[in-house]
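Okay, here's what each chain looks like letter by letter:
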Amino acid sequence: MDDSPYGGGAGMLMKPEPWGEALDELLAKDGSTVLVVPTPAGELFSQDLASELASKEHLVFACGRYEGIDQRVFDWAESRSDLRLISLGDYVLNGGEVAALAIIEAVARLIPGVIGNADSLIEESHSSGLLEYPSYTKPAIWRDLEVPEVLRSGNHAEIARWRKEQALERTKRIRPDLLD
């Protein structure tokens, strides 16, 4: 399954032959498969990318281990699928499995019918480019901490305004890069 890399260096690299045999079985013959490869060398995963992938009919995940997968697998797969190298962020994991699980969960919840109430997807973090506003439930007072009065007012226009302000403030404080 693995061997030392040409040119030397530490670690082991996954060989192309097992990948080729597996992908021969898994990739759609019409080229419609999206082959997702979690890798720190990929495009940054985002909510927009999750939405794009949720609209696709056939996703296959190829999870590398060790130093990764022989480059020839990607070169070959590019002509037979929509190859997407995707990174969760600027760090390295031991393998692609954990990243694949995160991507699958983010994508699957956007497929119609997976989430019971589709309205739940409308006002969440990254749906509008902002982080989500703070959320509260009953009781109105817990350990001397109160739910903001506006949320108990019944004034839906004021609630919407408050939520927008809170989302903007939270984004400025935690992820100002999203506002650029």
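Notes on the structure in this doc start here. Bear in mind the structure is a predicted one, so any value in this text is a computation, not a measurement. Residue positions are counted from 1 within each chain, in the order its sequence is given. Residue-level local features of this predicted model are given only where pLDDT is at least 70; pairs of side-chain atoms are given and counted only at 80 or more, and the full residue set underlies all totals for whole chains, interfaces and linings. Hydrogens and water molecules were not included; the side-chain quantities draw on all heavy atoms of the structure.

Looking at the pattern of salt bridges
For clarity, the threshold we go by: By salt bridge we mean one thing: a side-chain nitrogen of Lys or Arg within 4 Å of a carboxyl oxygen of Asp or Glu. Where helices and strands are cited, they refer to DSSP runs of H or I of at least four residues and of E of at least two residues respectively, numbered from the N terminus. Note on classification: 1.4 Å probe, protein chains only; a residue is buried when its accessible area is under 20% of the maximum for its type, exposed when over 50%, partly exposed between these limits.
Applying the stated criterion across every chain yields a total of nine salt bridges. Here Glu52 makes a salt bridge to Arg84, at a shortest N to O gap of 2.5 Å. Residue Glu52 is located in helix α2 (residues 47–54), and its partner Arg84 is located in strand β5 (residues 82–87); the two are separated by 32 residues in the primary sequence. Judged by relative accessible area, Arg84 falls into the buried class, the value being 11%. In this structure, the salt-bridge partner of Arg152 is Glu149, at a minimum N-O distance of 3.2 Å. Here Glu149 and Arg152 lie together in helix α5 (residues 149–152), a separation of three residues that amounts to about one turn.

Notes on the sheet that holds strand β4 (residues 59–61)
Strand pairing in a sheet takes place through backbone hydrogen bonds and is either antiparallel or parallel in direction. Using the following cut-off: Here, a strand pair is defined by DSSP locating no fewer than two bridges between the strands. Each axis is a line fitted through C-alpha atoms, and for a helix only the stretch in contact is used; angles between axes span 0 to 180 degrees, taken between their N-to-C directions.
Pairing within the open sheet is parallel, and its three strands lie in the order β4-β3-β5. Strands at the two margins of the open sheet, each flanked by one partner only, are β4 and β5. Adjacent strand axes in the sheet meet at a mean angle of 45°, parallel and antiparallel pairs treated alike. Both strand β3 (residues 34–44) and β5 contribute to a ladder of seven bridges, which runs parallel. The partner of Val34 across the bridge, within β5, is Asp82.

What to know about the packing of α2 against helix α4 (residues 97–108)
Using the following cut-off: For this classification, under 35 degrees means roughly parallel, over 145 means roughly antiparallel, 65 to 115 means roughly perpendicular, and everything else is oblique. We call two residues contacting when some pair of their heavy atoms lies within 4.5 Å.
Packing of α2 against α4 leaves a shortest axis separation of 8 Å and a crossing angle of 70°. Taken together, the axes of α2 and α4 are roughly perpendicular relative to one another. Residues Ala50, Leu53 and Ala54 of α2 touch α4, and the partners they reach there are Ile103, Ala106 and Val107.

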